[in-house]
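Spelled out from the first residue to the last, the chains are:
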Amino acid sequence: MSTWVYGFDQIDDAEAFVGGSWEEVRGLLGGKGANLGDMTRIGVPVPPGFTITTRACNDYLAGGGTLSDELISQVDAALAHIEAAAGKRFGDPSNPLLVSCRSGAKFSMPGMMDTVLNIGLNDEVVTGMIERTGDAHFVFDSYRRLIQMFGSVVLGIRDEPFEHVLERARQQRGVTEDSELTTEDLEGVISQFRQIIERYSGRPFPDEPIDQLRLAIEAVFRSWDGKRARDYRNAAGIAHDLGTAVNIQTMVFGNMGDDSATGVAMSRNATTGEPGLEGDYLTNAQGEDVVAGIRVTKPMEQLAEEMPALYEQFSTIAGKLERHYRNMQDMEFTIEQAKLWLLQTRDGKRTAQAAVRIAVDMADEELITREEALERVTPAQVEFFLHPSFTPASKEAAVDSGALFASALNVSPGAAVGMVAFDADLAVEWAEQGRAVIMVRPETKPDDVHGMLASQGILTSRGGRTSHAALVARQFGKPAIVGAEQIEIDLTERTMTCGDTSVAEGEWISIDGTTGDVFLGQLETQTPDLENEFLRRLLEWADEVRDIGVWTNADHPDDALLARSYGAEGIGLTRTEHMFFDPARLPIVQRMIMATSPADSSEALAQLLPFQRGDFAGLFRAMDGLPVTIRLIDPPLHEFLPSLEDLTHELADLKIRLLSASTLEQIDELLGKIEASEHMLTEVERLHEANPMLGLRGVRLGLMMPGLTRMQVRAIFEAAVQVAKEGVEVHPKIMIPLVSHANELQRQRAELEEEAQAVMHEANMTIEYQFGTMIETPRAALTADQIAEYAGFISFGTNDLTQMTYGLSRDDAEKAFLVHYLEEGILDRNPFATLDADGVGQLMEIAITKGRAARPGLDVGLCGEHGGDPESIELCRMLGLDYVSCSPPRVPVARLAAAQAALRQKAPDDLSRMTSPV
């Protein structure tokens, strides 16, 4: 015979049944039932009760929604057991036992499932309770609550009919709270409630207590499959097959007068993490009054004044539970006629700030070890410290007022408020005037970067999580939302429209890159707490544990300094092409591309050289003593030129204007512009490729235009020599991109080594350096042993490697089908957000194994956006990478994630060195 029911005093039996694992006990009895049994075991005052297991729930749902005879028999026996413990009988008018029926899944799902209180009341029991207690108001108040909750939870009747009756009764009595209604008022309410039950459900309220209980049990079981519970589990990543337990517990009453109360309290402040009780309570009330906001609650500090002895008892129990569970506790309690009862305890929900402080404090208090402190804080909670956010009150007010404009992909976290600007130049102009700007584009391109840098945040109507806008935004820590396809952007009228609402250029919007929400108007923000002492200590502990380096992707000295302040140990990727999009440099780059002779090309390159030298010198100074990995130019040249479509439209417009020109000056000016546009158009057509991402770019571009990459290497070494003379310790690492064949790397490296040696010879100085390559193609990974002959290091460019492994374009995939794949379970995760271990991961493993076989000790890193993803970091550690590199705002996240990966993968006896807290 299966055991479906365990009394709170049978927790040892449940533990024995599952083999002693507390995690399995929670799976069997749910978190609430397990903790109620555990509290009973350690002597905390808990009203007697029993738990119906999660297995019973799954059996009920799988069996068509019918309680089995075996389960009913065990419930009856457990009910008799708590009758004996309580000294009362269920349904006995002279000495009635009332019970509550509450859900309780393995993982806490606050408010998602159902509860029914005061089960066991009927007209006969009410009469007996009034005679026994002498408090008709209390009894009728309890009865009307049962009928209302039963109608709502068990019978599915909307709350409005019941609330309408209560509101009318309050109005007639001239009071504002239900507790102020008279006994006669409550009798009238009960009568009307019973009529509502029959009218809406087609059957009377069940007077038989056992029927009430069985129907309530079924309702809680059904609530596991309710929409709100399923939606919550989807959002929280909780499996749908766990089922919920049902807890039947002796009722204790906080609504029996001024010596009774009910409340919810945390053992520490859930917002800040500060020590001390935090919570709310009400005198002469039942539990749902506190959580439903029906009455204005009182802070726990006031309980110390009203009932000092009970407050002290509760505080002692809270400390006991915190020490027992070694975590901050969220407790529900009731005081019935000056006697304290605990109805629930669970690990408390907390803010990011509180999570960090509580973890560090508990390690200091020796409740947990430092390793456990590291595991108590999630990478997402660390990320919260690094971005501004909207205040909860301002977001709530914006939603309530209908100011939520649109929602899309949340690709770069943080909050930003600014005026809408529809192009990069205007964004820069307004920013220089001191205005806050949100740049809004259908999509961004490399020549929009200056506007993106000037903006507080970025919003696009197209693109995916690894679109240009997303990558640049994350790189520079800009809040960003992309792929808002419901927004129509009219660049002619300078407006964007979603539904019936339009926003004109210059109007204010607020974007939440953490959630993907766009709001009209200006929301209030709160700044990140970067100097948080508890976060600093936690990350220092993480550094002691992790054994994989955390570097950064940085293109500018300010980014490098920021990343270094966050704990970066080097630069794993500098994208030199981003430096070419500066408005002062782009015309020179374009002249170099369109040069008709070697002399013209050399002249343009000579003009670019000092710019690049200054760029690299700034990075070397910022990273004094740390390695700086500089990737030579990677994208195809057409990205530095206007698009074919834009040039065609521009040329047509100029020719139309020529027809209406009225003066020789106008004609001459327009003819000059037409000639320049035609020349530009010719060059763009010449450089046009059917698939530019697989065309002339990376190492191929360096081999076809060797002057360009030689100029870059000269700039790197001239900068290194310059800052070395200033006393800066430099460690340049030159990375040649998109190599597929070892011969490409051999040829390009030989040419660039020659340039490097020439600079050092000219300066009469030796600089320690390395040449290496990015592994971005499957062939490069499969032939890494051959490539390693010419590479001092390799770094995985996992964005391109993922594209080429899957054979898809990331932007097109996210727009066309990837979301559908994820929703339908074809893919379980976005491979551009989290590394594909089975495919890309195998290629990485092959590359590392072959590369290190050919070159023992080969330095291996990763410099794609995956370098900031915790799951990807764990895979990188398993594969044996030396470091990951990510955008500056992700560095603290990566430090914690790397430590957590080490803790999960190490054997327990390897963890002894950090067991003693500070």
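Residues numbered from 1 in each chain as written. Predicted model: local features only at pLDDT ≥ 70, side-chain atom pairs only at ≥ 80, totals over all residues. Heavy atoms only, no water.

1. Focus: the overall build of the protein
Let me state the cut-off plainly: Here a helix means four or more residues in a row that DSSP labels H or I, a strand means two or more in a row labelled E, and each is numbered from the N terminus. When a residue's accessible area, from a 1.4 Å probe over protein chains only, is under 20% of the maximum for its type it is buried; when over 50% it is exposed; and in between it is partly exposed. Contact criterion: two residues are considered in contact whenever any of their non-hydrogen atoms come within 4.5 Å of each other.
Within the protein, the regular secondary structure consists of 38 helices and 33 strands. Overall, the protein is about 110 × 75 × 55 Å in size when its C-alpha atoms are taken along their principal axes. Scored against the burial criterion, the 918 residues of the protein give a buried share of 55%. Look at the contacts in the protein between residues 6 or more apart in sequence, and 70% of them connect residues 24 or more apart.

2. Quick word on the packing of helix 6 (residues 136–154) against helix 9 (residues 209–223)
The packing of two helices is summarised by the inter-axis angle and the distance between the axes. Put simply, the rule is: Every axis corresponds to a line fitted to the C-alpha atoms, with the helix fit spanning only the stretch in contact, and the corresponding angles, defined between N-to-C directions, vary from 0 to 180 degrees. Oblique is the label for every angle not falling under 35 degrees (roughly parallel), over 145 degrees (roughly antiparallel), or within 65 to 115 degrees (roughly perpendicular). Handedness of a crossing is defined here by the sense of rotation of the near helix relative to the far one, left-handed for an anticlockwise turn of less than a right angle and right-handed for a clockwise turn.
The geometry of helix 6 relative to helix 9 is characterised by a closest axis approach of 10 Å and an angle of 45 degrees between their N-to-C directions. One element, helix 6, and the other, helix 9, form an angle in the oblique class. Note that helix 6 runs across helix 9; the crossing there is left-handed. Contact residues: Leu146, Phe150, Val153 and Val154 in helix 6; Gln212, Leu215, Ala216, Ala219 and Arg222 in helix 9.

3. Concerning the pattern of salt bridges
Keep this limit in mind: Salt bridge, as used here: a side-chain nitrogen of Lys or Arg that lies within 4 Å of a carboxyl oxygen of Asp or Glu.
All told, the structure shown has 54 salt bridges when counted by the stated rule. Notably, a salt bridge pairs Glu306 with Lys298, separated by 2.9 Å at the nearest N-O pair. Ionic pairing is found between Lys673 and Glu669, a salt bridge with its closest N-O pair at 3.4 Å. Taken as a pair, Lys673 and Glu669 lie in helix 27 (residues 664–687) at a separation of 4 residues, close to a single helical turn. The class for Glu669 is partly exposed, based on a relative accessible area of 47%. Look at the salt bridges and you will find they share partners, linking Arg613, Arg710, Arg714, Glu718, Glu754, Glu755 and Glu762 into a network.

4. Thoughts on the side chain of Asp559
Note the following rule: His is not counted, nor are the chain ends, whereas Lys and Arg count as positive and Asp and Glu as negative.
One can find Asp559 in helix 22 (residues 557–565). For Asp559, which is buried and forms no salt bridge, the nearest opposite charge comes from Arg575, at a distance of 8.1 Å.

5. Some thoughts on the packing of helix 26 (residues 644–659) against helix 27
The line we're drawing: Any residue outside Ala, Val, Leu, Ile, Met, Phe, Trp, Tyr, Cys, Pro, Asp, Glu, Lys and Arg is labelled polar, Gly included; the first ten of those are nonpolar and the last four are charged.
Between helix 26 and helix 27, whose axes approach to 9 Å, the crossing angle comes to 160 degrees. With respect to helix 27, the element helix 26 is oriented roughly antiparallel. Seen from above, helix 26 lies across helix 27 with left-handed handedness. Each of Leu644, Leu647, Thr648, Glu650, Leu651, Leu654, Lys655, Arg657 and Leu658 in helix 26 lies in contact with helix 27, whose residues at this interface are Ile667, Leu670, Leu671, Lys673, Ile674, Ser677, Glu678, Met680, Leu681, Val684 and Glu685. Counted by class, the contact of helix 26 with helix 27 contains 12 nonpolar, 2 polar and 6 charged residues.

6. What to know about the sheet that holds strand 19 (residues 480–482)
Cut-off, in case you're wondering: Note on pairing: DSSP must find at least two bridges between two strands before they are called paired.
The 8 strands are arranged 14-24-23-16-17-18-19-15 in an open sheet whose pairing can be described as mixed. Two strands bound the open sheet, and with one partner strand each, they are strand 14 (404–407) and strand 15 (409–412). Direction aside, the axes of adjacent strands within the sheet are offset by 30 degrees on average. Relative to strand 17 (residues 437–441), strand 16 (residues 415–421) runs parallel, the two sharing 3 bridges. Each residue of the ladder has a partner; that of Ala421, found in strand 17, is Met439. Across the face of the sheet, helix 17 (residues 392–400) comes into contact with strand 14, strand 23 (508–512) and strand 24 (517–520) while running at roughly 75 degrees to strand 24.

7. Some remarks on helix 7 (residues 160–173)
Rules: A helix is expected to reach a length of 1.5 Å times the quantity of its residues less one.
For helix 7, with 14 residues, the first-to-last C-alpha span of 20 Å sits near the 20 Å given by 1.5 Å per residue. Buried residues of helix 7: Pro161, Phe162, Val165, Leu166, Ala169 and Arg170, and no others. Downstream of helix 7 by one or two residues, Gly174 has phi in the positive range, about 75 degrees.

8. Some remarks on the pairing of strand 9 (residues 275–283)
Pairing geometry for strand 8 (residues 261–268) and strand 9, over 7 bridges, is antiparallel. Note on strand 9: the bridge partner recorded for Val264 is Asp280.

9. Observations regarding the confidence of the model for the protein
Put simply, the rule reads: A score from 0 to 100, pLDDT tells how confident the predictor is in each residue.
Residues with a pLDDT of 70 or more make up 95% of the protein, whose mean pLDDT is 90. Note on residues 907–918: pLDDT under 50 across the span, and 23 contacts to partners over four residues away in sequence or across chains.

10. Digging into the side chain of Thr391
Relative to the helices and strands, Thr391 resides in the loop between strand 13 (389–390) and helix 17. Taking the relative accessible area as the measure of exposure, Thr391 reaches 11% and is therefore buried. What Thr391 contacts, discounting residues up to four positions off in sequence, is Glu524, Thr525 and Gln526.

11. With respect to the nonpolar core
Formally: Residues grouped as a nonpolar core are buried Ala, Val, Leu, Ile, Met, Phe, Trp, Tyr and Cys residues, joined through side-chain atoms within 4.5 Å.
Core analysis: the biggest nonpolar cluster contains 130 residues, and Leu374, Phe620, Phe640, Phe717, Phe796, Met844 and Leu881 have the highest contact counts within it. Sort the elements by how many residues they give to this core and helix 29 (residues 706–725) lands first, with 10 residues. Excluding residues that lie within four positions of it along the chain, Phe640 makes contacts with Glu577, Phe580, Phe581, Leu586, Val589, Gln590, Ile593, Ile633 and Pro635.

12. Comments concerning the environment of Ala780
Mapping Ala780 onto the fold places it in helix 31 (residues 778–782). Residue Ala780 is classed as buried on the basis of its relative accessible area of 0%. Linking Ala780 and Ser740, residues 40 residues apart in sequence, is a C-alpha distance of 4.7 Å. In this view, Ala780 contacts Val739, Ser740, Ile775 and Ile787; residues no more than four positions away in its chain are not counted.

13. Considering helix 27
Counted at 1.5 Å a residue, the expected span for helix 27 with its 24 residues is 34 Å, and the 35 Å between its end C-alpha atoms agrees. Residues of helix 27 that are buried make contact with helix 24 (586–593) and helix 26.

14. A look at the state of the cysteines
As a reminder, the rule being used: Whenever a pair of cysteine sulfur atoms sits within 2.5 Å, that pair is classed as a disulfide.
For the structure on display, the rule yields 0 disulfides. With no disulfide of its own, Cys863 lies closest to Cys876 among cysteine sulfurs, the gap being 11 Å. Cysteine Cys886 shares no disulfide, and the gap to the nearest cysteine sulfur, in Cys876, comes to 11 Å.

15. Quick word on the sheet that holds strand 22 (residues 501–504)
Read from one edge to the other, the open sheet built from 3 strands follows the order 20-21-22, with strand pairing classed as antiparallel. In the strand order of this sheet, the two ends are held by strand 20 (488–490) and strand 22, each with one partner. Recorded for the sheet is a direction-independent mean angle of 20 degrees between the axes of neighbouring strands. As paired elements, strand 20 and strand 21 (residues 495–498) share 3 bridges and run antiparallel to each other. Counted as the bridge partner of Asp490 is Thr495 from strand 21.

16. Brief notes about the pairing of strand 5 (residues 99–105)
Residues in a regular strand point their side chains to alternate faces of the sheet. The buried fraction of strand 5 is high, at 7 of 7 residues. Side chains of strand 5 alternate between two faces, with Val99, Cys101, Ser103 and Ala105 and Ser100, Arg102 and Gly104 buried alike. Relative to strand 7 (residues 244–250), strand 5 runs antiparallel, the two being bridged by 7 bridges. Each residue of the ladder has a partner; that of Ser103, found in strand 7, is Val246.

17. Here we look at the packing of aromatic side chains
Stated formally: Two aromatic rings from Phe, Tyr or Trp, using only the six-membered ring of Trp, form a pair when their centres are within 6.5 Å; if the ring planes differ by under 30 degrees the pair is stacked, by over 60 it is edge-to-face, and anything between is tilted. Placement of a charge over a ring requires the Lys NZ or Arg CZ to be within 6 Å of the ring centre, with the centre-to-atom vector within 35 degrees of the ring normal.
Summed over the entire model, instances satisfying the criterion amount to 11 aromatic pairs. Plain terms: the ring middles of Phe717 and Tyr769 are 5.0 Å apart, the flat faces sit at 90 degrees to each other, and that makes the pair edge-to-face. Of this pair, Phe717 sits in helix 29 while Tyr769 sits in the loop between helix 30 (742–763) and strand 30 (770–775), placing them 52 residues apart in sequence. Among the residues examined, Phe717 registers a relative accessible area of 0% and is labelled buried. An aromatic cluster is present here, built from Tyr143, Phe150 and Phe205 joined pairwise through their rings. Against the face of Trp341 rests Lys339, its NZ or CZ located 4.7 Å from the ring centre.

18. Focus: the environment of Ile368
With respect to the element layout, Ile368 can be found in the loop between helix 14 (352–364) and helix 15 (370–376). Owing to a relative accessible area of 3%, Ile368 belongs among the buried residues under this scheme. For the pair Ile368 and Pro732, spaced 364 residues apart in sequence, the C-alpha separation works out to 43 Å.

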